[in-house]
Amino acid sequence: MDKLLIRGGRTLHGTVSISGAKNAALPELCAALLTADAVTLQNVPRLQDVTTMEKLIRNMGVAFTREDEGVVKLDASSLTKPEAPYELVKTMRASVLALGPLLARFGKARVSLPGGCAIGSRPVDQHIKGLQAMGAIIDVAHGYMNARLPEGQTRLKGAHITTDMVTVTGTENLMMAACLADGETVLENAAQEPEIPDLAEMLIRMGANIEGHGTSRIKITGVGRLHGCTHRVVADRIEAGTFLCAVAAAGGDVTLQNARGDHLDALLDKLREAGASVSTVEQGLRIISSGRLKAQSFRTTEYPGFPTDMQAQMMALNCVSDGASVATETIFENRFMHVNELVRLGANIHIDGRTATVAGGAKLSGAHVMATDLRASASLVIAGLVADGRTTVERIYHLDRGYDQMEKKLRAIGADIERVKS
């Protein structure tokens, strides 16, 4: 099992290229299931979650070819097994995104329930509710969702669907399914994260009729069939945000190629208020930091608010910034597992329910720490970059789920970091 060794104290300078977004690539790989034509995706990141999705759709009978420079080609014309088994779904909850496309195209699907999640419950009941409103019959038994169309019905039917909560994967699943439904589907209370309009743009290239993507109300008029397309995956706003926090904490001057500032408004506001200089440049974003900023309180909420996927990284920055701050987590009920590990490095953090109070200005010192989830692992890397001495981050398979060669990118801009085998 790999681990990271980090020797802190170096400032960061240079240019780093931001990869394609994991949370866009995964649903877009599933969107290829909607057509028998070939689909080409560009800018697909090399991540463990992408590899898991590859295994999942290969298992269905889809031809999957990975080429250089992040190009992936898919051909679902010979798909013979509309099923997502537990052995693959258990390692990645996004596998549930296969449900809508399979049901829409083949009239049936068998997808394992995702099971538990380290950072809290992420129920799929909204996916089921929406598909049932479109006429699907879904039985949940023996850990599987068994979905089918009623006898004699060949297509899902358009429906007016209002989800009980804002759900990103739920919005994506229902939007994909509605593309091949009979009639018009309206999704109310839809998620607005940038990955959703990116998926919608891919579906439109495939021949879908979608309006309102990027707002809370999406209208989809079903079509008879979808065709192939070529689509470039949008840049990963969370990877960009993680590198912004790393430079803010360690100090330096770094340009993030391909980063989209318009996808990070809430985070950029906090970084600027903290004292960092963040500007839009031709290549993407540029951040300049003294490495000694002012701590900022924040509250996570749905996009366009402060993203829950940046909570841990921002907290790591607050640990070494001047002043006290409060982080309130409203999305997931168990997303402070990184706190105990940050405390091992010398951070001063107190948790009360869904609120964490951070006394800033901590003098962090290197120690052995353990990653507990994807974004928690990123916060430990950031802390290690500023800690005195050597920090060892264990269980970095969490990191590999969502960051494309993070240690190589950090080393290229001056960090003393290396990956070693246990």
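One can find the structure itself at the top, above this paragraph.
The rules we used
Residues numbered from 1 in each chain as written. Predicted model: local features only at pLDDT ≥ 70, side-chain atom pairs only at ≥ 80, totals over all residues. Heavy atoms only, no water. Helix = DSSP H or I, 4+ residues; strand = E, 2+ residues; numbered from the N terminus. Contact = heavy atoms within 4.5 Å. Buried < 20%, exposed > 50% of the residue type's maximum accessible area, 1.4 Å probe, protein only. Pairing = 2+ DSSP bridges. Axes fitted to C-alpha atoms, helices over the stretch in contact; angles between N-to-C directions. Parallel < 35°, antiparallel > 145°, perpendicular 65-115°, else oblique. Left-handed = near helix turned anticlockwise from the far one by under 90°. Nonpolar A, V, L, I, M, F, W, Y, C, P; charged D, E, K, R; others polar.

Engineer: Which parts of the structure should I look at to understand the environment of L131?
Structural biologist: Mapped onto the fold, L131 is located in helix α5 (residues 125–133). For the pair L131 and G100, spaced 31 residues apart in sequence, the C-alpha to C-alpha distance is 7.6 Å. Look past the residues within four positions of L131 in its chain and what remains in contact with it is L99, L103, A136, I138, L156, L174 and A177.

Engineer: Would you explain unusual backbone geometry in this entry?
Structural biologist: Excluding glycine, residues mostly have negative phi values, and the peptide bonds linking residues are mostly trans. Note that the residue after Y303, namely P304, is joined by a cis bond; omega there is 15°. As for its position among the elements, P304 is in the loop between β18 (298–299) and α10 (311–319). A positive phi is found at N43, a non-glycine position, where the angle reads about 65°. Relative to the helices and strands, N43 resides in the loop between β3 (38–42) and α2 (48–59). In this structure N43 comes out as buried when scored by relative accessible area, which is 16%. Here H142, not a glycine, exhibits a phi torsion of approximately 55°, which is positive. You can see H142 is positioned in the loop between β8 (137–141) and β9 (144–148). On the basis of relative accessible area, H142 is assigned to the exposed category, the value being 80%.

Engineer: Would you mind going over the side chain of H263 with me for this structure?
Structural biologist: In this fold, H263 is placed in the loop between β15 (252–257) and α9 (265–274). Its relative accessible area of 11% is what places H263 among the buried residues. In this structure, H263 is in contact with P194, V234, R237 and Y303, ignoring residues within four places of it in sequence.

Engineer: Hey, could you run me through the sheet that holds strand β12 (residues 209–211) in this one?
Structural biologist: Two modes of strand pairing occur in sheets, parallel and antiparallel, and in both the strands are linked by backbone hydrogen bonds. In space, the 4 strands of this open sheet follow the order β10-β11-β13-β12, with mixed pairing throughout. Edge positions in the sheet fall to β10 (160–162) and β12, since each of these pairs with one other strand and no more. Strand-to-strand twist of the sheet, defined as the mean angle between neighbouring strand axes without regard to direction, takes the value 15°. Sheet analysis places β12 next to strand β13 (residues 217–221), joined by 3 bridges and oriented antiparallel. Note that in β13 the partner of I210 across the bridge is I220.

Engineer: Would you explain the packing of helix α4 (residues 99–106) against helix α6 (residues 168–178) in this entry?
Structural biologist: How two helices pack is summed up by the angle between their axes together with the distance between the axes. Relative to each other, α4 and α6 sit at 15°, their axes nearing to 7 Å. The angle between α4 and α6 places the two elements in the roughly parallel class. Where α4 crosses over α6, the handedness of that crossing is right-handed. Across the interface between the two elements, L99, G100, P101 and A104 of α4 pack against N173, M176 and A177 of α6. For the contact of α4 with α6, the class distribution of residues is 5 nonpolar, 2 polar and no charged.

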